[in-house]
Amino acid sequence: MPADVDTIAEAIVEAYRDPRQRIPASRLVNLARGDAMAVQGAVLKRLGERVPLAKVAIPPDGIATGAPIPAGMVVDDGGTIELGERDLAGLEIEVAVRLGADLTPEIAKAGHSAVLQTIQHFVLGIELIGSRIDDRTKAGAFGPLADNMVTGGYVIGRQILARAPKVDGMAITLSSDGAISQRETAKYPFGDAVSPIIAFAGMADDHFGGFKKGMLITTGSLSPLLIVPRRGRIEISVGDFMPLSFMLR
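Note that the structure is predicted; figures quoted are calculated from it, not measured. (Residues numbered from 1 in each chain as written. Predicted model: local features only at pLDDT ≥ 70, side-chain atom pairs only at ≥ 80, totals over all residues. Heavy atoms only, no water.)

*Asks:* Any chance you could explain the sheet that holds strand S1 (residues 53-57) here in plain terms?
*Replies:* Each strand in a sheet pairs with another by means of backbone hydrogen bonds, the pair being arranged parallel or else antiparallel. An order of S2-S1-S10-S5-S6-S7-S3 is seen for the 7 strands of this open sheet, with the pairing classed as mixed. Edge positions in the sheet fall to strand S2 (65-69) and strand S3 (74-76), since each of these pairs with one other strand and no more. Sheet twist, expressed as the mean angle between neighbouring strand axes with direction ignored, is 30°. Where S3 and strand S7 (residues 151-156) come together, 3 bridges link them in parallel fashion. Counterpart to Asp76 in the pairing with S7 is Ile156. (Pairing = 2+ DSSP bridges. Helix = DSSP H or I, 4+ residues; strand = E, 2+ residues; numbered from the N terminus. Axes fitted to C-alpha atoms, helices over the stretch in contact; angles between N-to-C directions.)

Structure below.
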């Protein structure tokens, strides 16, 4: 039976607007990939928000995926995220690119050098991982994809990097209210920062409007999930790059 995209999208929107609500995983367990992407687009339309940022990934099946991160969930380094009753599984520290030109499927198919010409600069960012699903582990292969790849927010770093940073092997340090709580070692999850962008952009999927000039695209966690308390000042450093911090409350 085809998925009821509109009904599922409406349920997700309600969960965005009222974080006390959760969508039963059973409603999403049978979604196909195309259904999940359609749900994302329908949710974004209902929220009526612009998309300053998107995320991309290459799952184990090798087929690239992407999701929008609405403007209302994005803050700059040093900002505050009002978590309230929203779900928070943890944080990811990631490398993102800022586009200086539209990135079309044709440019993506032209390869790495062509895509680099569209990138204005690189930055580090922090993604909050949080779901509107009651148990995302039971939501099937594409339920979490429908839920905007379970993004819960994003913090954009201030340090502008002219080139893709060579982060593999660098120390990652997480601090909560000034106390170090976790240490990890950085490694690009998909080989580098540009490959997953090329993989998704080349698919000509425009369910959230495509990759436009000025947009930020974030490219996957450099470490295992970083676990934080639900309140307090959070800081993450990667090697000698400028640390990123924000307030959770």
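*Asks:* Is there a simple way to think about empty space enclosed by the protein in this case?
*Replies:* To find leftover empty space, a probe the size of one water molecule is rolled over the atoms. Within the structure shown, the criterion is met by 1 cavity of 30 Å³ or more. Counted as a void, the largest cavity has a volume near 60 Å³. Around the largest cavity, the lining residues are Asp77, Val123, Leu124, Gly157, Arg158, Gln159, Leu161, Met242, Pro243 and Leu244. Its residues placed into classes, the lining of the largest cavity shows 6 nonpolar, 2 polar and 2 charged. (1 Å grid on protein atoms, 1.4 Å probe; cavity = no way out; pocket = protein on both sides within 12 Å on 5 of 7 lines; lining within 4 Å. Points joined across faces, edges and corners; volume = space filled by probe spheres on them. Nonpolar A, V, L, I, M, F, W, Y, C, P; charged D, E, K, R; others polar.)

*Asks:* Would you take a moment to explain the side chain of Asp77 for this structure?
*Replies:* With respect to the helices and strands, the residue Asp77 is situated in the loop between S3 and strand S4 (80-81). A residue is classified by how much of its surface remains accessible, and Asp77, at 10% relative accessible area, is buried. Ignoring anything within four residues of it in the chain, the contact list for Asp77 reads Val155, Ile156, Gly157, Arg158, Pro243, Leu244 and Ser245. (Buried < 20%, exposed > 50% of the residue type's maximum accessible area, 1.4 Å probe, protein only. Contact = heavy atoms within 4.5 Å.)

*Asks:* It is not clear to me how the sheet that holds strand S11 (residues 232-238) should be interpreted in this structure. Could you clarify?
*Replies:* Reading across the sheet, the 5 strands line up as S4-S12-S11-S8-S9 and stay open at both edges, with mixed pairing between neighbours. Here the strands that pair on one side only, and so sit at the sheet edges, are S4 and strand S9 (179-185). Direction of pairing for S11 relative to strand S12 (residues 244-248): antiparallel, over a ladder of 5 bridges. Of the residues in S12, the one forming a bridge with Ile234 is Phe246.

*Asks:* Explain the pattern of salt bridges here, please?
*Replies:* In a structure, side chains of opposite charge can pair up when their charged atoms sit close to one another. Per the counting criterion, the structure on display carries 10 salt bridges. Close ionic contact of Asp18 with Arg20 constitutes a salt bridge, the shortest N to O distance being 3.0 Å. For Glu82, the salt bridge identified is with Arg249, shortest N-O distance 2.6 Å. Residue Glu82 is found in the loop between S4 and strand S5 (90-99), and its partner Arg249 is found in the segment after S12; the two are separated by 167 residues along the sequence. One salt-bridge network, held together by shared partners, links Asp6, Glu10 and Arg46. (Salt bridge = Lys/Arg side-chain N within 4 Å of Asp/Glu carboxyl O.)

*Asks:* For this particular structure, what's the right way to read helix H1 (residues 5-17)?
*Replies:* A turn of α-helix holds 3.6 residues, and therefore any two residues three or four places apart point the same way. Here H1 is 13 residues long and its end C-alpha atoms lie 18 Å apart, about the 18 Å a rise of 1.5 Å per residue gives. Of the residues making up H1, those classed as buried are Val5, Ile8, Ala9, Ala11, Ile12, Val13, Ala15 and Tyr16. Lining the buried residues of H1 we find helix H2 (33-47) and helix H5 (143-146). (Expected span 1.5 Å × (residues − 1).)

*Asks:* Got a minute to help me understand unusual backbone geometry in this structure?
*Replies:* For residues besides glycine, phi is generally negative; the peptide bonds are generally trans as well. We note that Met149 has phi near 55°; this positive angle belongs to a residue other than glycine. In this structure, Val150 is a non-glycine residue whose phi angle is positive, near 50°. Positionally, Val150 belongs in the loop between H5 and S7.

*Asks:* I keep staring at the packing of aromatic side chains and nothing clicks. Help me out?
*Replies:* Two aromatic rings, taken as a pair, are described by how far apart their centres are and by the angle between their planes. Taken as a whole and judged by the stated rule, the model has 3 aromatic pairs. On the numbers, 6.3 Å between centres and 5° between planes, the contact of Phe200 with Phe208 is stacked. Looking at Phe208, the relative accessible area reads 7%, which means it is buried. Aromatic pair Phe208 and Phe211: ring centres 6.0 Å apart, planes at 50°, arrangement tilted. In this structure Phe211 comes out as buried when scored by relative accessible area, which is 5%. Of the aromatic side chains, those joined through ring pairs into one cluster are Phe200, Phe208 and Phe211. Taking NZ or CZ as reference, Arg132 lies 4.4 Å from the ring centre of Tyr16, over its face. (Phe/Tyr/Trp six-rings, centres within 6.5 Å; stacked < 30°, edge-to-face > 60°. Lys NZ or Arg CZ within 6 Å of the ring centre and 35° of its normal.)

By themselves, these figures tell us nothing about what the structure is for.
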